[in-house]
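# An overview of the molecular structure
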Amino acid sequence: MGSDLVHYMQQGVAVPDLLMGVCQAVVENYLIRVVQRRTIGRRVVLQGGLAMNRAVVQAFAARLKEVEVEVHPHPGLSGAIGMTLLTLERWKQASAAGNT
C-alpha cells in the first residue's frame, strides 16, 4: 500500500484524497475480513484505537448509510472493560457452582 500511495502522490493526487482512500480501505477490510457475510445491526459502536480517528469513523458512517455509527466513550479501554465484565460474570457463575 505504501508504494501505491507514493505512486499516486507522484501522479498529483491530493493527500486528503489519499488519506480518505486509506480510511475507506480500512472499512472495506473490516467488512470483508471480520463481518464477512454476517448481518450488521442498526447500530454499530466502534472501539479501539481506530475509533479515535475521526476520518475512519466518517468512512464507516458513509459506507454504512442506514446504520447508526457511534464511538464508544472510552474507545481505547472498551476491550479491557468488556473482558473484565466477562471475567467477572464467569467468576460469579463458577462461584455459584462451587468451583472456586
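Residues numbered from 1 in each chain as written. Predicted model: local features only at pLDDT ≥ 70, side-chain atom pairs only at ≥ 80, totals over all residues. Heavy atoms only, no water.

## Observations regarding the pattern of salt bridges
Using the following cut-off: Salt-bridge detection follows one rule: a side-chain nitrogen of Lys or Arg within 4 Å of a carboxyl oxygen of Asp or Glu. Counting from the N terminus, the helices are the DSSP runs of H or I reaching at least four residues and the strands are the DSSP runs of E reaching at least two. For every residue, the accessible area (1.4 Å probe, protein chains only) is compared with the maximum for its type, and the residue is labelled buried under 20%, exposed over 50%, or partly exposed between those bounds.
A full pass over the atoms with the stated rule returns 2 salt bridges. Taking the shortest distance from any N to any O, the salt bridge between R63 and E28 comes out at 2.5 Å. Taken together, the residues span a long stretch of sequence, with R63 in helix α3 (residues 54–63) and E28 in helix α2 (residues 15–35) at a distance of 35 residues. The closest approach of N and O atoms between R43 and E70, which form a salt bridge, is 2.7 Å. Note that R43 is positioned in strand β1 (residues 43–46) and E70 in strand β2 (residues 68–71), a separation of 27 residues in sequence. The class for R43 is exposed, based on a relative accessible area of 52%. Of the residues examined, E70 reaches a relative accessible area of 24% and is grouped as partly exposed.

## Notes on the nonpolar core
Here is the rule: Residues belong to a common nonpolar core when they are buried Ala, Val, Leu, Ile, Met, Phe, Trp, Tyr or Cys residues joined through side-chain atoms within 4.5 Å. Between two residues, a contact is recorded if the distance between any of their heavy atoms is within 4.5 Å.
The biggest cluster of nonpolar side chains holds 14 residues, and the ones touching the most others in it are V27, L31, V44, L46, F60, L64 and V69. Mapped by element, the contributors of at least two residues to this core are α2, β1 and α3. Non-local contacts of L64, meaning those with residues more than four positions away in its chain, are made with L31, I40, V44 and V69.

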